[in-house]
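Observations on chain architecture
Each chain, written out:
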Amino acid sequence: MMTFQQIVLASHNAGKLKELQAMLGDTVQLRSIGEFSSIEPEETGLSFVENAILKARNAARISGMPALADDSGLAVDFLGGAPGIYSARYADGKGDAANNAKLLDVLKDVPQEQRGAQFVCVLALVRHADDPLPILCEGLWHGRILTEASGEHGFGYDPLFWVPERDCSSAELSPADKNQISHRARAMSLLRQRLGLA
Ligand SMILES: O=c1nc[nH]c2c1ncn2[C@H]1C[C@H](O)[C@@H](COP(=O)(O)OP(=O)(O)OP(=O)(O)O)O1
Ligand SMILES: [Mg+2]
């Protein structure tokens, strides 16, 4: 079993930090890579796994600490899995609101039954920058893309993601409820098992 008291989170996304720290509990403290550097590495991988490893290695190198990265995104069936690993950059870096507006527009004539989508999350944990055996855990969350935004919680595409098991948008879930059932929750549950924290 590996024990970590502090891990650096290789993410500049405050929403992820909040969710992941809540899932981990207080035995492991996540520190943001933002404490060490404001430069975000270019996500040049072709998969969630590659980008998660790339971000984790970069953060471990900068901080000198074990590093956890989360690479995630939204894969829409009708779009052949797009925006996928490009989810954060879907509207050319203009941010969450622009990403959501673009997705609603692209899907505006697509009927309910063809609006299936899944959130994907890959977590990568490296003990140090050159770790030859990163721990990788993934989680998927199936839902559908709504025809208009709804809800105020969460971040990113949450207002557009309809959650079948709750019949509401992901942004209408309480943070605690989202953290029980999301793609990130599933990946973190596997990671906790791997670390002997479960
Ligand atoms: O639970 C979620 N609820 C809503 N949207 C979500 C979620 N999980 C990922 N997403 C979206 C946000 C972003 O458009 C993309 C992640 O992109 P991704 O590169 O992994 O994260 P990021 O650039 O925001 O932060 P960073 O790379 O520093 O960790 O997927
Ligand atoms: Mg990113």
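Residues numbered from 1 in each chain as written. Chains lettered and ligands numbered in written order. Predicted model: local features only at pLDDT ≥ 70, side-chain atom pairs only at ≥ 80, totals over all residues. Heavy atoms only, no water.

As a reminder, the rule being used: UniProt positions are given in the numbering used here, feature names are shortened, and annotations may be inferred rather than shown by experiment.
Under the annotation held in an unreviewed UniProt entry, the chain carries the name dITP/XTP pyrophosphatase and is attributed to Pseudomonas auratipiscis. The record held by UniProt for the chain lists under Subunit (unreviewed entry) the comment "Homodimer." UniProt lists a comment for the chain under the heading Sequence similarities (unreviewed entry), and it reads "Belongs to the HAM1 NTPase family."

1. Details of the overall build of the chain
Applied cut-off: Put simply, DSSP marks the helices as runs of H or I at least four residues long and the strands as runs of E at least two long, and each gets a number from the N terminus on. The classification of residues rests on relative accessible area computed with a 1.4 Å probe and restricted to protein chains. Under 20% of the type maximum is buried, over 50% is exposed, and intermediate values are partly exposed. Should any heavy atoms of two residues lie within 4.5 Å, those residues are counted as being in contact. What sets the accessible areas is the Shrake-Rupley method with a 1.4 Å probe; for residues, cover comes only from the shown protein chains. As used throughout, the charge tally considers Lys and Arg to be positive and Asp and Glu to be negative, leaving His and the chain termini uncounted. We put the charge of a Lys on NZ, of an Arg on CZ, of an Asp on CG and of a Glu on CD.
The number of helices and strands found in the chain is 5 helices and 7 strands. Counted from the first residue to the last, the chain has its helices and strands arranged as β-α-β-α-β-α-β-β-β-β-α-α. In terms of overall dimensions, the chain has C-alpha extents of about 50 × 30 × 25 Å along its principal axes. Of all 198 residues assigned to the chain, the portion counted as buried reaches 47%. Across the chain, every contact between residues at least 6 apart in sequence was considered, and the portion connecting residues at least 24 apart equals 59%. In the structure as shown, the chain presents an accessible area of about 9700 Å², 52% of it carried by carbon and sulfur atoms. Separation of charge centres in the chain, based on 19 positive and 25 negative side chains, amounts to 4 Å.

2. Some thoughts on the pairing of strand β3 (residues 67-76)
In plain terms, the rule: Any two strands with at least two DSSP-identified bridges between them are counted as paired.
Counting buried positions along β3 yields 10 of 10 residues, so the element is predominantly enclosed. Side-chain alternation along β3 places Ala 67, Ala 69, Asp 71, Gly 73 and Ala 75 on one buried face and Leu 68, Asp 70, Ser 72, Leu 74 and Val 76 on a second face that is also buried. Of the strand pairs in this sheet, β3 and strand β4 (residues 116-126) are connected by 10 bridges, and their pairing is antiparallel. The residue of β4 that forms the bridge with Val 76 is Ala 117.

3. Structural notes on the UniProt feature "binding site: Mg(2+)" (unreviewed entry) in the chain
What counts here: In protein, a polar contact requires one atom able to donate a hydrogen and another able to accept it; more generally it is a pair of N or O atoms within 3.5 Å, and residues adjacent in sequence count only if both atoms are side-chain atoms.
Sites flagged by UniProt as "binding site: Mg(2+)" (unreviewed entry) map to Glu 42 and Asp 71. The annotated residues occupy 30 residues of the chain but converge on a single region, no pair of C-alpha atoms lying more than 12.4 Å apart. You can see Glu 42 is positioned in the loop between β2 (29-32) and α2 (48-63). Taking relative accessible area as the criterion, Glu 42 reaches 66% and is therefore assigned exposed. Secondary-structure assignment places Asp 71 in strand β3. A distance of 2.8 Å separates a polar atom in the side chain of Asp 71 from a polar atom in the side chain of Lys 55.

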